[in-house]
Amino acid sequence: MQPVLRLLFWFILSSALAPARATQHGIPLGVVKLWASAFGGEIKSISTKYSGSQLLQKKYKDQEKSVRLEEVDGAKLVKTVAENMEEIFMRKAEATRRLVEAAEEAHLQHEENPDLQYEYFNAVLINEVDEDGNSVELGGEFILEPNDHFNNLSVNLSLSVVQVPTNMYNKDPDIVNGVYWSEALNKVFVDNFERDPSLIWQYFGSAKGFFRQYPGVKWHPDEHGVISFDCRNRKWYIQAATSPKDVVILVDVSGSMKGLRLTIARQTVSSILDTLGDDDFFNIIAYNQEIHYVEPCLNGTLVQADRTNKDHFREHLDKLFAKGIGLLGEALAEAFTILNEFNQTGRGSVCSRAIMLVTDGATEMYDDVFAKYNWPERKVRIFPYLIGRESAFADNLKWMACTNKGYFSQISTLADVQENVMRYLHVMSRPKVIDHEHDTVWTEAYVDSALGVSKGPNPVTTVAMPVFSTKNETKNQGILLGVAGTDIPIQELMKTVPKHKLGIHGYVFAITNNGYILMHPDLRPLYQEGQKRRKAHYSSVDLSEVEWEDTDDFLRTAMVSRKTGTFSMEVKRTVDKGKRVLSMHNDYYFTDIKGTPFSVGVTLSRGHGKYFFKGNVSLEAGLRDLEQPDVALAHEWTYCNTDEHHEHRYLTQTQAIRLYLTGRKPHLKCDRELIQQVLFDAVVTAPLEAYWTGLALNKSENPDKGVEIAFLGTRTGLSRTNLFVAPEQLTNQDLLTAEDNEGFFNADHFPLWYKRSAEQVPGTFVYSIPFSSARENKSVVLASTAIQLLDDRKSPIAAAVGIQMKLDFFQRKFWTASRQCNALDGKCTISCDNEDIKCYLIDNNGFILVSEDYSQTGLFFGEVEGAVMNKLLLMGSFKRITLYDYQALCKEYAGSSDSAHTLLDPFATVKWLLGELIIFLLEFNFYSWWNVDSTAKAERAQRRTMMVPCDTEYPAFVSERTIKETTGSTECEGCMRTFVIQQIPSSNLFMVVVENKYNESLKCERLKFQKDRKRPDSCHPFHPEENAMECGSAATLSPTLVAAVFPLLTFFISR
C-alpha cells in the first residue's frame, strides 16, 4: 500500500474509532440485562440438567478427602521421557546394526560372477502375468496379506522385495550379484521383527541402485509407468554414506553451453542439490568472463542445504543463460576462497569440502590455482562434470579430479545425469569406509510416500548405518556397499509419554541437532486442498517457528546444544483450527536423548497443569465400571503396551488392563499408575450412565429432541457418551465418529471442549458452534464445563462434561428470552422482533451464534458489524492479540498488482488481505470468514496461481472477562447508532478475528541467517590409505596425461 493510501486508510480508521457523542436512549440497558439473565438462566439449566455436571461435581467432591494431591516434577518427568525414547531408539539401532553385520558378511562370502543368472522378486513385477496367464520374468506368485501394523497394506512377513529404478536394467550383472548376496538379509529382517514387533519398514539401499525392502509389498508405477524412486537420493542414505560437507558448485555459462548443454547442466546442478542434506552447506556460482552468484545477496558465503534454500536456488537456475567466454581460473579461485574463509568461521560443516565443476571443457589444467589454494594438503576435492559428447577436454578435467582426490564424470544426455552425479558420494565416503566407522545417523521427521506405497500419513524418523566391503583386496579403495535402515514412527515415541501427568495443556516435543521439530503438537505437516497434502517444507520447521514467543531463542539454543535445564514464558496457543487463542504461562523442562542427535522437552502449564491427584478404588469395582458399554479409553494413549509381543496385538486396551491386573499376562507392560487412576475415574463417573439413561427414558424430558448427546472426559483419557436421540436422528455425528481430530483425546492433546472448559471460571459453561458443522449445514451447539477437585486455582481439573444441542433449539431459547420485559400489562415496547434493532449472540471470540440472518451464524462479528466491533476494541471490551504463523501457505497470483488496493473499511482491509493475498489452506481456513469480491475472484481465476511458504502475522480478539456490560455508539452517515453489550451469566462471550500481513519467507536476510546448530560429532574427510587413482569414469588417460599425473601422485601419496 503506498504511503498516501496508508495515511488515508488510518485517517478513516481513526474516524471510525472516534469517541461517539450519543447516549443510549434507544436501547434500555435494564431490558437487555433482563434478556441476558433470562436466556442465561434457561440455557444453563438445560446444560446442567442434561450434562449431569452437578452430579459429577458432587461425586468428585465426595472423594476430596481420600485423594492425594501431588505436584508434577517436570525435571524428573523429562528425564523419564528421554530414557523411554532412548530405549526405543537403541532397539531400532540394534536391529539396523544386525542388518549391517549380516550384509557385510554375506558380501565377504560372495564371489562376483558377471554371468550370474538369478531370479528375484521384483517389487513392481510380483504377481504380474503375461497375456497367456503366466508369471512374468522376475515376477512370480508372491503371497500378500493385509496387516494393520503396516497401515493395512498387503505385505509378506516372510520375504523382502527388490525395487530397481526405472532407468536401470533389472538384470544388470552388478544388480543381480548384489541382489543375490543380499538375500541373506531376509532371515535377519524376520528375526528383527520377531524380536521387536514394533518395527515397521526395514531396508537395504545398495550403492548400485537397487533397494531391498521388508516386509515385501507390491510397488505401483505412476501414470507414466515410471517409478522415479532411487534410494541413493534419500536423506537417510546420503547422511549415512558421507560426512557433512561444504560445497561450491561452479556452472559454466559461456557461449558454448547454449541449448541442450545448459539444460543438462541445470539438471546436473539440481541433482547435486538432491544429494545435500541439512548438515551440509553450499553455494552456486555461474561463470563466463565474469563471476555471477546465482543468488546475488549470498556473495562470498555458504548457506545450509535445507529444503527451503535448495528450492530457492532451483528457481534461480532457470534464469541462467549462456554467453561470452569461460574464465575458469577466476571461478576456481573464488570457490577456494569461499570454502577456506567459511571454514575458518566455524559456521559450516567444518568437515569435508568440495568443488563441483559443471562445464563443457577446460583449455588448461589450472595447476597454478591448485598449487596456491589446495596443494599439498588437498583438503578440497574437485568433481568435474563434463557436459556433452565431446571429449577434447576430458584429459584436463580428469587431471583436476585425480590430483585433487575427486572424481571425473562425463554426462552426454539427461538420462545420464543422476547415475553420474551419484558417483561423487562413493568418493566422499572412502575415508569413512577405510576407517570402518559405522556411524549411526538419524533423519528429521518426514512422511515418505516415494516408495510406490506410502509409509502412512504419520511421520517417521529413520535410523541408518553404512555397509562396507570388508574384503582385504579392496580395503584401501573404500568401497561402500550401501546403507541399511529402519523407520521409527513418531507415533511410537508419543506412546511413551505419560499424558495424564502433563495436564490439559501440557505436551512433549523433540527437536533435531539443526533445531528442526521431530515432534510437537503445533507441527502441521499437511494442508487441505481437496485432500490432505504434504507441505513442501514440513520436515524443516524450526522450533522457533512454533515456540515463537521465545524471541531470544533461549529454549532452542539450549536444546540444540544438548543441555539439561528449565525455562518459562508467557505463551499464546491457538485452538479450534487456529480460530481461538488461549493465553497461559508455561514451564519448559528439557534434556538430550542419549545416543541420538535429538533433544526432548516437556511443557507444563502453570496452575492446574502442574498438579495431579491419586485416588484408590477396589480392583473389582474399577474393572466392572471400566468395561461398561458407554466407556471408551483414549485411542492413542498407552495404558498397556500391546506392540511389544505379537500375541498382544489383538488386545484392546481395556482387555489388556484386565489381563494385566489379573496376572494372566505377566509379560504385558502397563502403566500401573495410569491404570489405577483410570479405574478410579471409571467408578466416580459410573453414576452418570444411570442418570443419563433415566433422562432418556423419561418421555416428558427433552420433548422436542433439542438435546442430542451428553458426554464427559476425564484427566486419564476415559470418556463416556449417551444419546438422547436415535443415532440416525443426530444432526452431527462428529462427536461419535472422530471426524474432527481436535474433538477427541489423542497422543498430544485433550479434546477442544475439554481445553476451553478448563480455562473458564468454575461453574460456567462454554458454548460454541463447531466450525466444520456450520459450513456443512449440520449445525449444533456444544456446551461444556470443567469439574474441579478442589476450590482452588491449583486444583487439578478432574473431568469435563457437556452436551450437544441442535442449533435451532438453542436459537429458539434466545429469541424467546429476548421477547421478555418488565411491563405489567405484558406489552413490551422493545424486543428483538422490532425492525429498528438487530440482536446478536456472540461468543468470547467474537463469533456469532445467533443472528436474525441465519446465514451469519458462525461468522466473525466484525464482518457483520465492523463499526461496533471497532468501538468494543477501543472501549476495552475486547482486546487484540497478535499471533504469528510460520507454517502458512499463501496463494500467489502471477502478475498481481493488488498491493495498491484501496479500502475504506478497516475490517474490509482484513477481508482483502485474507481473501486476496494470504489464503490459509492448512487447517485454518481463515479465508472463509470473508466473502471476497466476486469480480476480483473472477479476474484471479484467469491467472496462474501457486502455493508458496509464507510467514504471517494476524490479530486475534478476546473478550475482557472483567467487563460484564458495555454501552456505546458509533457514527454513521448523518446518524448515530447506539449499542449495548451484556454478558450472559454463567457462560462465555469470547475470542478470534484475523488480520494477516504477508511476509516473504525467502528474503535474503533470512537465507543468510543461521541459527545455532550442533554439527554431527563424526567426520571422515580423508584417509592416508585412500586410493586416489580411482578418480574417473571416462576413457582411459592418454599416455601424455599419465606421464604428467604420475609424478604428482607419487609426491602426494608419499606425504
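Just above, that's the structure.
Bear in mind that the values here come from a model prediction, so they are computed numbers and not experimental data.

Parameters and conventions
- Residues numbered from 1 in each chain as written.
- Predicted model: local features only at pLDDT ≥ 70, side-chain atom pairs only at ≥ 80, totals over all residues.
- Heavy atoms only, no water.
- Pairing = 2+ DSSP bridges.
- Helix = DSSP H or I, 4+ residues; strand = E, 2+ residues; numbered from the N terminus.
- Axes fitted to C-alpha atoms, helices over the stretch in contact; angles between N-to-C directions.
- Buried < 20%, exposed > 50% of the residue type's maximum accessible area, 1.4 Å probe, protein only.
- Contact = heavy atoms within 4.5 Å.
- Core = buried A, V, L, I, M, F, W, Y, C linked by side-chain atoms within 4.5 Å.
- Disulfide = S-S within 2.5 Å.
- Parallel < 35°, antiparallel > 145°, perpendicular 65-115°, else oblique.
- Left-handed = near helix turned anticlockwise from the far one by under 90°.
- Nonpolar A, V, L, I, M, F, W, Y, C, P; charged D, E, K, R; others polar.
- Patch = residues over 30% accessible without salt bridge, like charges linked within 9 Å, V, L, I, M, F, W, Y side chains within 5 Å.
- Areas by Shrake-Rupley, 256 points an atom, 1.4 Å probe, with all protein chains shown as cover.
- Salt bridge = Lys/Arg side-chain N within 4 Å of Asp/Glu carboxyl O.
- Lys, Arg positive; Asp, Glu negative; His and termini not counted.
- Charge placed at Lys NZ, Arg CZ, Asp CG, Glu CD.
- Phe/Tyr/Trp six-rings, centres within 6.5 Å; stacked < 30°, edge-to-face > 60°.
- Lys NZ or Arg CZ within 6 Å of the ring centre and 35° of its normal.

Chemist: Which parts of the structure should I look at to understand the sheet that holds strand β31 (residues 766–768)?
Modeler: The strands making up a sheet associate through backbone hydrogen bonding, with each pair oriented either parallel or antiparallel. What the six strands build is an open sheet, ordered β26-β30-β29-β33-β32-β31; its pairing is antiparallel. Every interior strand has two partners, whereas the edge strands, β26 (631–633) and β31, have only one. Recorded for the sheet is a direction-independent mean angle of 20° between the axes of neighbouring strands. As paired elements, strand β32 (residues 780–788) and strand β33 (residues 797–806) share nine bridges and run antiparallel to each other. Bridging from a neighbouring strand, Q788 pairs with I797 of β33.

Chemist: It is not clear to me how helix α17 (residues 653–661) should be interpreted in this structure. Could you clarify?
Modeler: Taken residue by residue, α17 has Q653, A656, I657, L659, Y660 and L661 as its buried positions. Those residues of α17 that are buried are in contact with α16 (619–626), β26, β27 (640–641), β28 (669–670) and α18 (672–697). Where α17 terminates, the next one or two residues include G663, which has phi positive at roughly 75°.

Chemist: I'm lost on the nonpolar core in this one. Help?
Modeler: Generally speaking, a soluble globular protein has its nonpolar side chains buried in company with each other. One finds Y60, Y639, I657, I675, Y767, M805 and F810 to be the most contacted residues of the largest nonpolar core, which totals 87 residues. The element contributing the most residues to this core is α18, with 10 residues. Setting aside chain neighbours within four positions, we find I675 in contact with Y639, C640, I657, Y660, L661 and C670. Listed in part, the 84 residues of the second largest apolar core include A95, L99, V433 and Y446.

Chemist: Would you take a moment to explain the environment of K208 for this structure?
Modeler: With respect to the helices and strands, K208 occurs in the loop between β5 (202–206) and β6 (211–214). Given the relative accessible area of 42%, K208 is considered partly exposed. Along the sequence, K208 and E419 sit 211 residues apart, while their C-alpha atoms lie 9.4 Å from each other. With sequence-adjacent residues up to four places away left out, K208 is seen in contact with M168, D174, I175 and R232.

Chemist: Is there a simple way to think about the pairing of strand β23 (residues 580–592) in this case?
Modeler: Where a strand is regular, its side chains alternate between the two sheet faces. Counting buried positions along β23 yields 11 of 13 residues, so the element is predominantly enclosed. Of the strand pairs in this sheet, strand β22 (residues 565–575) and β23 are connected by 11 bridges, and their pairing is antiparallel. Pairing of S568 across the sheet is with D587, part of β23. Connecting β22 to the antiparallel partner β23 that follows it, the hairpin turn spans four residues, and D576 within it adopts a positive phi of roughly 55°. Bridge count between β23 and strand β24 (residues 599–605): seven bridges; the pairing is antiparallel. Residue pairing in the sheet places N586 in a bridge with S605 of β24.

Chemist: In this structure, what is going on with the state of the cysteines? I would like to understand it.
Modeler: The term disulfide refers to a covalent linkage connecting the sulfur atoms of a pair of cysteines. A full pass over the atoms with the stated rule returns four disulfides. C351 shares a disulfide with C1019; S-S distance 2.0 Å. Because the sign of the S-S torsion sets the handedness, a value of about 105° for the bond joining C351 and C1019 places this disulfide among the right-handed ones. A residue pair is termed long-range when its members are at least 10 positions apart, and C351 in the loop between α10 (328–345) and β12 (352–359) and C1019 in the loop between α27 (1004–1008) and α28 (1039–1054) qualify at 668 residues. Note that C832 is cross-linked by a disulfide to C839, the S-S spacing being 2.0 Å. When the S-S torsion is -90°, as for the bridge of C832 with C839, the disulfide is left-handed.

Chemist: When you look at the packing of α16 against α18 in this model, what are you seeing that I'm missing?
Modeler: Each packed pair of helices is defined by two parameters, the angle between the axes and the distance between the axes. Look at α16 against α18: their axes get within 8 Å of each other, and the N-to-C directions meet at 70°. With respect to each other, α16 and α18 are oriented roughly perpendicular. Read as a crossing pair, α16 and α18 show a hand that is left-handed. For the pair α16 and α18, contact is made by L619, A621, G622, L623, D625 and L626 and by L679, A682, V683 and A686, respectively. Of the residues that constitute the contact of α16 with α18, the class distribution is eight nonpolar, one polar and one charged.

Chemist: Can you walk me through the environment of Y886 in this structure?
Modeler: Assignment of secondary structure puts Y886 in strand β36 (residues 878–893). According to the relative accessible area criterion, Y886 is partly exposed, its value standing at 28%. Sequence separation between Y886 and V541 is 345 residues, and the spatial gap between their C-alpha atoms is 8.3 Å. Setting aside residues up to four positions removed in sequence, Y886 forms contacts with E545, W548, C950 and D951.

Chemist: Even after reading the chapter, I still don't get a negative patch on the surface, so can you show me in this structure?
Modeler: A cluster of like negative charges, contributed by E111, E112, D174 and E473, occupies part of the molecular surface. For E473, the location among the structural elements is in the loop between β16 (460–468) and β17 (480–489). The exposed category is assigned to E473, whose relative accessible area is 59%.

Chemist: What is the right way to read the sheet that holds β5 from this model?
Modeler: The antiparallel open sheet is built from six strands, whose spatial order is β4-β6-β5-β17-β16-β15. Strands with a single pairing partner mark the edges of an open sheet, and in this sheet they are β4 (161–163) and β15 (441–442). Sheet topology note: the β5/β6 ladder contains four bridges and is antiparallel. If you follow Y203 over to β6, its bridge partner there is Q213. Sheet contacts for helix α4 (residues 74–109): β5, β15, β16 and β17; angle to β16, the most-contacted strand, approximately 30°.

Chemist: Can you help me understand the pairing of β17 in this one?
Modeler: Burial of β17 is extensive: 10 of the 10 residues sit out of reach of the surface. Relative to β17, β5 is paired through five bridges, and the arrangement is antiparallel. Looking at β17, one finds that Y203 is bridged to G485. Relative to β17, β16 is paired through nine bridges, and the arrangement is antiparallel.

Chemist: Even after reading the chapter, I still don't get the packing of aromatic side chains, so can you show me in this structure?
Modeler: Two measures describe an aromatic ring pair: the distance that separates the ring centres and the angle between the ring planes. All chains considered together, the criterion is met by 49 aromatic pairs. The interplanar angle of 80° and the centroid separation of 5.5 Å between the aromatic rings of F39 and F810 together place this pair among those described as edge-to-face. Taken together, the residues span a long stretch of sequence, with F39 in helix α2 (residues 29–51) and F810 in helix α22 (residues 807–817) at a distance of 771 residues. With respect to burial, F39 and F810 carry one shared label: buried. For the pair Y840 and F861, a centre-to-centre distance of 5.4 Å together with 75° between the ring planes defines the contact as edge-to-face. Remark: F861 occurs in helix α23 (residues 861–864) and Y840 occurs in strand β34 (residues 840–842); sequence separation between them is 21 residues. When sorted by exposure, Y840 lands in the same class as F861, which is buried. The ring of F613 carries the charged tip of R715 above its face, separated from the ring centre by 3.8 Å.

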